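# Examination of the molecular architecture
Each chain is listed here by its residues.
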Amino acid sequence: MAELTLNSPVRYLNSVGEKRAQTLANMGIFTVKDLLYHFPRAYQHRGKINLLCNAYDGEVGAFVLTVASQPHTATLKGRMTMTKFSAVDESGKCNITFFNQNYVSKIFNVGDSFRFWGKIQRKANMISMASPAFEPWFEDKPLPDFYPIYPLSGNLTQKYMAKIISGAINILEKNGIGDILPQKLVNEHSIISAKGALKAIHNPQSYAMLESARKRFMWEELYTFALAISMSKQKNREAHAPIFQKTDLSEFYSVFPFSPTNAQRRVIEETQRDMTDKKGIGMSRLICGDVGSGKTLCAAAAMYMAVKNGYQAALMAPTEILATQHYNDLGVIFAKLGIRCELLCGSSTAAQKRVIKNGLKKGEINCIIGTHALLTKDVEFSNPGLIITDEQHRFGVMQRACLGDKGKGAHILVMSATPIPRTLALIMYGDLDLSYIDEMPPGRKKVSTFTVDESYRQRMNGFIEKQAAEGRQTYIVCPAIEAEEDEGLVGMDFEPEKEKALQKLKNATGYADNLQKLMPDLRISLMHGKMKAKEKDEVMQSFARGEIDVLVSTTVIEVGVNVPNATLMIVENAERFGLSQLHQLRGRVGRGQYKSWCILVSDAKGQNAVSRLKVMTETNDGLEIAKRDLELRGPGDFMPDREGVARQSGGFEFKVASLCDNTADLESAFEYALDTLKSDPRLQKPENYAVKRVVEGYFGIISNAVN
Ligand code: ADP
Ligand code: MG
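If you're wondering where the values come from, they're calculated on a predicted model, not measured in any experiment. (Residues numbered from 1 in each chain as written. Chains lettered and ligands numbered in written order. Predicted model: local features only at pLDDT ≥ 70, side-chain atom pairs only at ≥ 80, totals over all residues. Heavy atoms only, no water.)

## Overview of the side chain of Asn95
Quick reminder of the rule: Put simply, DSSP marks the helices as runs of H or I at least four residues long and the strands as runs of E at least two long, and each gets a number from the N terminus on. Whether a residue is buried, partly exposed or exposed follows from its accessible area with a 1.4 Å probe, protein chains only, as a fraction of its type maximum: under 20%, in between, or over 50%, in that order. Contact between two residues is taken to exist if any of their heavy atoms lie within 4.5 Å; hydrogens are not considered.
Within the fold, Asn95 resides in strand S6 (residues 92-99). The class of Asn95 is buried, set by a relative accessible area of 13%. If we skip the residues at most four places from it in the chain, Asn95 touches Phe85, Ser86, Met126, Ile127, Ser128 and Met129.

## Observations regarding the site of ligand 1
Keep this limit in mind: Throughout, near means a residue has at least one heavy atom within 4 Å of the molecule or strand. Identification of polar contacts relies on pairs of N or O atoms within 3.5 Å, with a donor-acceptor requirement for protein atoms, meaning one able to donate a hydrogen and the other able to accept it, and with residues adjacent in sequence counted only if both atoms are side-chain atoms. In short, Shrake-Rupley with a 1.4 Å probe defines the accessible areas, and a residue's cover is counted only from the protein chains shown. Points on a 1 Å grid over protein atoms alone make up a cavity when a 1.4 Å probe fits among them but cannot get out, and a pocket when they form an open set with protein on both sides within 12 Å along at least five of seven lines; lining residues each have an atom within 4 Å of a point. Each molecule is checked against the cavity or pocket grid, and it sits inside if more than half of its atoms lie within 2 Å of the grid points. Each residue gets one of three labels, nonpolar for Ala, Val, Leu, Ile, Met, Phe, Trp, Tyr, Cys and Pro, charged for Asp, Glu, Lys and Arg, and polar for the others, Gly among them.
The local shell around ligand 1 holds 16 residues, among which Gln264, Gly292, Lys295, Thr296 and Arg444 are the closest. Residue Thr261 places a main-chain N or O atom 3.5 Å away from a nitrogen atom belonging to ligand 1. Contact between ligand 1 and Ser293: an oxygen atom at 3.4 Å from a main-chain N or O atom of the residue. The fraction of the free accessible surface of ligand 1 (560 Å²) that becomes covered by protein chains is 77%. With respect to the pocket detection grid, ligand 1 is positioned in the second largest pocket. Residues of the shell around ligand 1, tallied by class, amount to 4 nonpolar, 8 polar and 4 charged.

## Quick notes on unusual backbone geometry
A positive phi angle is found at Ala124, which is not glycine, with a value near 50 degrees. Here Ala124 falls in the exposed class, since its relative accessible area comes to 79%. Phi angles above zero are rare outside glycine, and Asn573 is one such case at about 45 degrees. Considering the arrangement of structural elements, one finds Asn573 in the loop between strand S22 (566-571) and helix H19 (579-586). Classification of Asn573 as buried rests on a relative accessible area of 10%.

## Comments concerning the pattern of salt bridges
Between side chains of opposite charge, pairing is possible as soon as their charged atoms come close. Applicable threshold: In the sections that follow, a salt bridge refers to a side-chain nitrogen of Lys or Arg positioned within 4 Å of a carboxyl oxygen of Asp or Glu.
Applying the stated criterion across every chain yields a total of 23 salt bridges. We note a salt bridge from Arg216 to Glu220, for which the minimum N-O separation is 2.7 Å. Separated by 4 residues within a single helix, Arg216 and Glu220 lie in helix H7 (residues 207-238), roughly one turn from each other. Neither Arg216 nor Glu220 differs from the other in exposure class; each is buried. We note a salt bridge from Arg628 to Glu624, for which the minimum N-O separation is 3.7 Å. Residue Arg628 and its partner Glu624 are both found in helix H21 (residues 622-633); the two are separated by 4 residues, about one turn of the helix. Residue class for Arg628 comes out partly exposed when judged on its relative accessible area of 27%. Connected through salt bridges with shared partners, the residues Glu454, Arg457, Lys506 and Glu572 form a single ionic network.

## Description of the pairing of strand S5 (residues 81-89)
Successive residues of a regular strand alternate their side chains across the two faces of the sheet. The cut-off we apply is this: For two strands to be treated as a pair, DSSP must find at least two bridges joining them.
Counting buried residues along S5, 7 of its 9 residues qualify, which places the element largely inside the surrounding structure. Relative to S5, strand S3 (residues 60-67) is paired through 2 bridges, and the arrangement is antiparallel. Residue pairing for S5: Val67 is matched across the bridge by Ala87. Relative to S5, strand S4 (residues 72-75) runs antiparallel, the two sharing 4 bridges.

## Considering the packing of aromatic side chains
What counts, and what does not: Two aromatic rings, drawn from Phe, Tyr or Trp (for Trp, its six-membered ring), form a pair once their centres lie within 6.5 Å of each other, and the interplanar angle then sorts them: stacked below 30 degrees, edge-to-face above 60, tilted otherwise. In our convention, an over-ring charge means Lys NZ or Arg CZ found within 6 Å of a ring centre and within 35 degrees of that ring's normal.
Taken as a whole and assessed by the stated rule, the structure comprises 22 aromatic pairs. Judged by centre distance (5.8 Å) and plane angle (25 degrees), the rings of Phe98 and Phe108 are stacked. You can see Phe98 sitting in strand S6 and its partner Phe108 sitting in the loop between helix H3 (104-107) and strand S7 (113-123), a full 10 residues away along the chain. The buried category is assigned to Phe108, whose relative accessible area is 0%. Among the aromatic residues, those joined into a ring-pair cluster are Phe85, Phe98, Phe108, Phe114, Phe116 and Phe134. The side chain of Arg20 reaches across the aromatic face of Tyr160, ending 4.1 Å from its centre. Here the basic side chain of Arg265 rests over the ring of Tyr253, its NZ or CZ set 5.0 Å away from the ring centre.

## Examining the packing of helix H9 (residues 262-276) against helix H10 (residues 295-308)
Short version of the rule: Every axis in this analysis is a line fitted to C-alpha atoms, fitted for helices over the stretch in contact. Angles between the N-to-C directions lie between 0 and 180 degrees. Orientation categories follow fixed angle ranges, with anything under 35 degrees roughly parallel, anything over 145 roughly antiparallel, 65 to 115 roughly perpendicular, and all other angles oblique. Should the near helix be turned anticlockwise from the far one by less than a right angle, the crossing is left-handed, and should it be turned clockwise, the crossing is right-handed.
Where H9 meets H10, the closest approach of the two axes is 9 Å, and the angle between their N-to-C directions is 30 degrees. Considering the angle they form, H9 stands roughly parallel to H10. In this structure, H9 meets H10 at a crossing whose hand is right-handed. Contact with H9, carried on its side by Gln264, Val267, Ile268, Thr271, Gln272 and Met275, involves Leu297, Cys298, Ala301, Ala302 and Met305 of H10 and no other residues of that element.

## Here's the deal with the environment of Glu173
Along the chain, Glu173 falls in helix H4 (residues 158-175). The exposure class of Glu173 is partly exposed, given its relative accessible area of 35%. Beyond its immediate chain neighbours, meaning those up to four positions away, Glu173 contacts Lys195 and Lys199. Here Lys199 takes part through its side chain, which lies 2.7 Å from a polar atom of the side chain of Glu173.

## Looking at the sheet that holds strand S11 (residues 284-289)
Sheet architecture is open: 7 strands sit in the order S13-S14-S12-S15-S16-S11-S17, paired in parallel fashion. Strands with a single pairing partner mark the edges of an open sheet, and in this sheet they are strand S13 (341-344) and strand S17 (433-437). Taking each pair of neighbouring strands and ignoring which way they run, the sheet shows an average axis angle of 20 degrees. Pairing of S11 with strand S16 (residues 411-416), which is carried by 5 bridges, proceeds in the parallel orientation. The residue of S16 that forms the bridge with Cys288 is Ser416. Along the sheet, H9 makes contact with S11, strand S15 (384-390), S16 and S17, crossing S17 at roughly 160 degrees. Packing against the sheet, helix H12 (residues 350-362) makes contact with strand S12 (312-316), S13 and strand S14 (367-370), and its axis sits at approximately 130 degrees to S13.

## Considering the environment of Leu24
For Leu24, the location among the structural elements is in helix H1 (residues 18-26). Between the alpha carbons of Leu24 and Leu152 there is a distance of 9.1 Å; along the sequence they are 128 residues apart. Residues contacting Leu24, with those up to four places away along its chain left out, are Val10, Val16, Ile29, Leu156, Met161 and Ile164.

## Regarding the nonpolar core
Using the following cut-off: We call a set of buried residues a nonpolar core when its members are Ala, Val, Leu, Ile, Met, Phe, Trp, Tyr or Cys and they connect through side-chain atoms within 4.5 Å of each other.
Phe252, Met303, Phe334, Leu337, Cys367, Leu386 and Ile388 are the most contacted members of the largest nonpolar core, which totals 43 residues. With residues near it in sequence (within four places) discarded, Cys367 still touches Met303, Val307, Ala313, Phe334, Ile339, Arg340, Cys341 and Glu342.

## Some thoughts on the layout of surface pockets
To keep it simple, the criterion reads: Grid points are joined across faces, edges and corners, and a volume is the space filled by probe spheres set on the points. Note: domain ranges come from an automatic or database domain assignment.
By volume, the second largest pocket amounts to about 1,200 Å³. Lining the second largest pocket are 43 residues, and of these Gly292, Ser293, Gly294, Arg444 and Arg591 lie nearest its centre. If you list the elements that add at least two residues to the lining of the second largest pocket, you get H10, helix H11 (320-336) and H19. Among the elements that line the lining of the second largest pocket, the one with the most residues is H11, at 6 residues. Taken together, the residues of the lining of the second largest pocket break down into 16 nonpolar, 16 polar and 11 charged. Counting residues domain by domain, the lining of the second largest pocket receives three or more from each of domain 3 (292-417) and domain 4 (448-619).

Right under this line is the structure:
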């Protein structure tokens, strides 16, 4: 057989059969190199040797023990056997047992020493360990300090992963590996070789080695990420977008029952300037504006300009509910302006889809509003001029790149409901120009916000009933969908009460049931991310029509839905949510003429949780909240969410780097990336071949996910 290389399929490695190759493929491991980049999620620190006398019951650790009695095997009930012996260190004695592993009696001889790794059991004065891991111990032959623990899948075991990875490392030893980092970066940051780092991350000889390895991979991630974003930006800049004529907006403004705020006018000006720019670079702009600041009007104005210039415009929302709402709002406006606007969603019927696709292709439809269904290959525009995505933070950078492809040089406008602090926006949306809507439409009422604990429950329930009696509606948001669910949590708190809190987590399903029992006369409904888009849509529509008094939900209601009659927002386990997310949720109420409230329920006593929730009661300014959130929690909340579309569509995750800890490094990674692209804009030089493949992989994730 031909020599294996890093690009060989894992299937050709020893011990990898078809079945396991499939399991590995499901984990995203296809080649030997992928396997090398399958990093341990943790390490057993076996180099830290404990003394028996110090070990507490249940402690897992390493012990160097000398065998003190010859192993004895007994047959237990059935065909089970137990092999037992004692071993000692200077501080005490331990009974060690193995089950159904008779062969161990040949391994353990009195007087030999081993390093054991296992869980200590203490009963009375007896110390014991069952089936510990063990390695022969010689004073002059040190063992590795760290043992890797890999993420597993299917019936793969740690032992198996370690074995095939060591096979991959042999191939690495023979073949070496090219460096994807530029030499300058490597020199300036004293980064160890790729080969050395790969060996060290799988078998670190010391903590310092592990750190050096992690540092390399952090830079690899940041640098390739920066390259991908910069290339996407470059692509936007190259795309020859149509140059629009300046459009008279007075007819457009005349169909609204209000006049635009100064901030809206300014942002609309900025988009007009981009799209009429004579250089033809086109618009790539992000509009940041707080909930309710009136981004939709700005989007509509841009669409109007595109249509008046003879082009088509598309508006894409992350959920069907939102797309429908946009369609309901804007359809009316555009109808008054004589512009044909249609809605295209996953749940549109085949016949509807056919008609709409046809109309788009022929240019009979001016404006299209939809979900990511707009990204499918068979949606073709006759003359695309503008592509808008709403609530951008749910889409992710890579998906946007894909959308850019679809527009083939159309103007790009992105709207984010989370006001992202400028520094972070520069990084996350480095390929976009920024506009802030920093002024609210007049007459907006402040939502009164309170934090309460469990003792307030009864009064709160009374308040819910009071709202309903007055004809108003309530949202209740829970962090979990069902009981005992601990996945899909909205961000983890770094606090000791985490474990406890996990058990007490309110789940929407149980909550709705209980509340219905408590308030049999109220119309209570449930909505969460596991429901089909159509079901969610029905619940939401019904809530909007006022047929539901209380909507118990997960964060699926977070983005954008407008129900002016809703006056009370209750968030359970509020400590679980990011501030920006809470602000977003609070923005669901106070949208009409009625006084509105937001109640944050939390029993968390941790300093961080308390001070975070306090911010919510102190300010209503979304940008201010976002800044505080970034300080207190890092940028996690600004990244694509776990629930909803972003999850399947290539929400991008770093394995080693963290945007929170490495913000400064990321900025510098962008500089290195720009340097590289200056001399090789399409990464066509041989030395950039390897990194090009990685960058293309980023774009690949996303186009696979949406097509
Ligand atoms: P968001 O920025 O959250 O998307 P919307 O565009 O949905 O905000 O606007 C929120 C509400 O404010 C809508 O009901 C909209 O009609 C209204 N609105 C927008 N602009 C103005 C304005 N200039 N004056 C008064 N009301 C406005
Ligand atoms: Mg909106």
